[in-house]
Amino acid sequence: MSAPTAPKPTAAGSGRSATERFARKERAGATVDQARVDTLATAALTALHQVIREHGVTYAEYDALKAWLIRVGEDGEWPLFLDVWVEHVVEEVANTDRQGTKGSIEGPYYIPGAPEFRTEATLPMRDDEKGTPFVFQGTVTDLDGSPVEDATVELWHADDDGYYSQFAPGIPEWNLRGTILTGPDGRFAFSTMKPAPYQIPTDGSCGALVAAAGWHPWRPAHLHLKVSAPGRAPITTQLYFEGGEWVENDVAQAVKPELILRPTPAASGTGEEVTYDFALDPAQ
Ligand code: DHB
Ligand code: FE
């Protein structure tokens with residue numbers, strides 16, 4: 001049960017959590033070579049100058065941009081903004097040469113160190129967790145199809161209200177987050193609840209941009225995954241549901257045709273199930 005006194009989730013709350021979480025992440029302090037900074041910062045500024053010239057940007061618009069950028073920082077929404085509108089291109093470039101399972105964006109809500117299980121697990125969830133019971137299972141293989149034992153399959157996803165544990169108040173710490181180590185046949189099976197579509201927080205600066213531009217704030221329902229194994233290139237990806245709302249129109253542009261699940265009614269008679277196999281590229 002969620003505590004009756006739990007405050008309502010807010011953009012400021014998720015944004016602040018996502019910003020604090022990012023600051024502790026291993027890549028957060030990465031330094032970039034001076035020549036690359038010169039190249040990339042010059043190219044980015046030149047692209048922006050071009051937009052200003054091409055569209056005749058006014059002082060009023062320039063001031064609105066400044067005010068908005070200041071507010072994104074105050075709201076702690078830089079991780080949200082970047083992961084929704086920029087990360088999908090970074091992912092595309094990072095994974096161009098990959099032959100196995102396609103990647104997708106990580107988003108701001110990954111947390112390492114979720115509870116670990118071997119081969120099968122029911123994700124940690126509340127006694128009254130809402131949603132459709134859902135079994136997500138498969139095999140981790142190499143590119144040639146041979147099963148990978150001791151592969152790590154990390155799964156995290158939103159609840160039936162579209163909220164992530166540790167980023168919204170009143171949800172148990174590891175709710176709907178878990179890790180499975182595959183058995184000798186490379187297999188894993190998670191029992192969980194199907195997630196709902198996710199709305200990026202609408203009450204902060206990202207929401208203000210969406211409203212001001214007349215866009216929509218929705219991502220289709222999705223599972224987040226990281227699959228890794230010794231000697232293989234780890235993959236971060238997401239899986240979506242065929243026919244799901246917003247699959248064709250994801251605000252974060254992170255859907256790929258190879259990442260769409262087609263669940264069927266579960267053999268147990270309750271809920272749905274689906275099998276999805278992961279093929280890992282060799283480590284670079
Ligand atoms: C965001 C949230 C997600 O759940 C996701 O997968 C990608 C981005 C966000 O709010 O920025
Ligand atoms: Fe997500």
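Structure: see above.
Quick caveat: nothing in here was measured; it's all calculated off a predicted structure.

1. A closer look at the coordination of the iron ion (ligand 2)
Every protein donor of the iron ion (ligand 2) is listed here as Tyr164 (OH), His222 (NE2) and His224 (NE2), and their distances to the metal cover 2.0 to 2.1 Å. Each donor residue of the iron ion (ligand 2) belongs to the same chain, with the gaps between them written as Y-x57-H-x1-H. One end of the pair, Tyr164, is in the loop between β4 (152-157) and β5 (177-181); the other, His224, is in strand β9 (residues 222-228), and 60 residues separate them in sequence. The two residues Tyr164 and His224 agree in class, both being buried.

2. Considering helix α2 (residues 34-55)
For α2, with 22 residues, the first-to-last C-alpha span of 31 Å sits near the 32 Å given by 1.5 Å per residue. Once α2 ends, the next one or two residues include Gly56, with phi positive near 55°.

3. Some details on the sheet that holds β4
Backbone hydrogen bonds hold the strands of a sheet together, and the pairing may be parallel or antiparallel. Spatially, 6 strands are ordered β1-β5-β4-β9-β10-β11 in an open sheet, and the strand pairing comes out mixed. Each edge of the open sheet is held by one strand with a lone partner, namely β1 (116-118) and β11 (260-261). By the bridge criterion, 2 bridges tie strand β10 (residues 235-241) to β11 in an arrangement that is parallel. Pairing of Phe241 across the sheet is with Leu261, part of β11.

4. Structural notes on the packing of helix α4 (residues 78-85) against helix α6 (residues 205-213)
At a minimum axis distance of 9 Å, the contact between α4 and α6 shows a crossing angle of 45°. The angle between α4 and α6 places the two elements in the oblique class. Contacts between α4 and α6 involve Leu80, Phe81 and Trp85 from the former and Cys206, Leu209 and Val210 from the latter. For the contact of α4 with α6, the per-class residue count stands at 6 nonpolar, no polar and no charged.

5. Some details on the site of ligand 1
In the vicinity of ligand 1 there are 13 residues, among which Leu80, Tyr164, Tyr198, Arg219 and His224 approach most closely. One of the backbone N or O atoms of Leu80 is found 3.0 Å from an oxygen atom in ligand 1. Gln238 is positioned with one of its side-chain polar atoms (N or O) 3.5 Å from an oxygen atom of ligand 1. For ligand 1, the accessible surface in isolation is 290 Å², of which the surrounding protein chains cover 100%.

6. Quick word on the nonpolar core
The nonpolar side chains of a soluble globular protein tend to be buried with one another. Counting residues in each nonpolar core, the largest one holds 51 residues, and the members touching the most others are Phe136, Val140, Leu223, Leu239, Leu261 and Phe278. The residues contacting Phe136, other than those within four sequence positions of it, are Phe188, Ala189, Phe190, Leu223, Leu225, Leu239, Leu261, Val274, Tyr276 and Phe278.

7. Considerations on the packing of aromatic side chains
For the coordinates displayed, the defined rule picks out 18 aromatic pairs. On the numbers, 6.5 Å between centres and 75° between planes, the contact of Trp68 with Trp78 is edge-to-face. Here the residue Trp68 occupies a position in helix α3 (residues 59-75), and Trp78 occupies one in helix α4, the gap between them amounting to 10 residues. The class of Trp78 is partly exposed, set by a relative accessible area of 33%. Chaining the aromatic ring pairs together yields one cluster made of Trp68, Trp78, Phe81, Trp85 and Trp215.

About the criteria used
- Residues numbered from 1 in each chain as written.
- Chains lettered and ligands numbered in written order.
- Predicted model: local features only at pLDDT ≥ 70, side-chain atom pairs only at ≥ 80, totals over all residues.
- Heavy atoms only, no water.
- Donors = N, O, S within 2.8 Å, 3.2 Å for Na, K, Ca; no water.
- Helix = DSSP H or I, 4+ residues; strand = E, 2+ residues; numbered from the N terminus.
- Buried < 20%, exposed > 50% of the residue type's maximum accessible area, 1.4 Å probe, protein only.
- Expected span 1.5 Å × (residues − 1).
- Pairing = 2+ DSSP bridges.
- Axes fitted to C-alpha atoms, helices over the stretch in contact; angles between N-to-C directions.
- Parallel < 35°, antiparallel > 145°, perpendicular 65-115°, else oblique.
- Contact = heavy atoms within 4.5 Å.
- Nonpolar A, V, L, I, M, F, W, Y, C, P; charged D, E, K, R; others polar.
- Near = heavy atom within 4 Å.
- Polar contact = N/O pair within 3.5 Å; in protein donor to acceptor, adjacent residues only side chain to side chain.
- Areas by Shrake-Rupley, 256 points an atom, 1.4 Å probe, with all protein chains shown as cover.
- Core = buried A, V, L, I, M, F, W, Y, C linked by side-chain atoms within 4.5 Å.
- Phe/Tyr/Trp six-rings, centres within 6.5 Å; stacked < 30°, edge-to-face > 60°.

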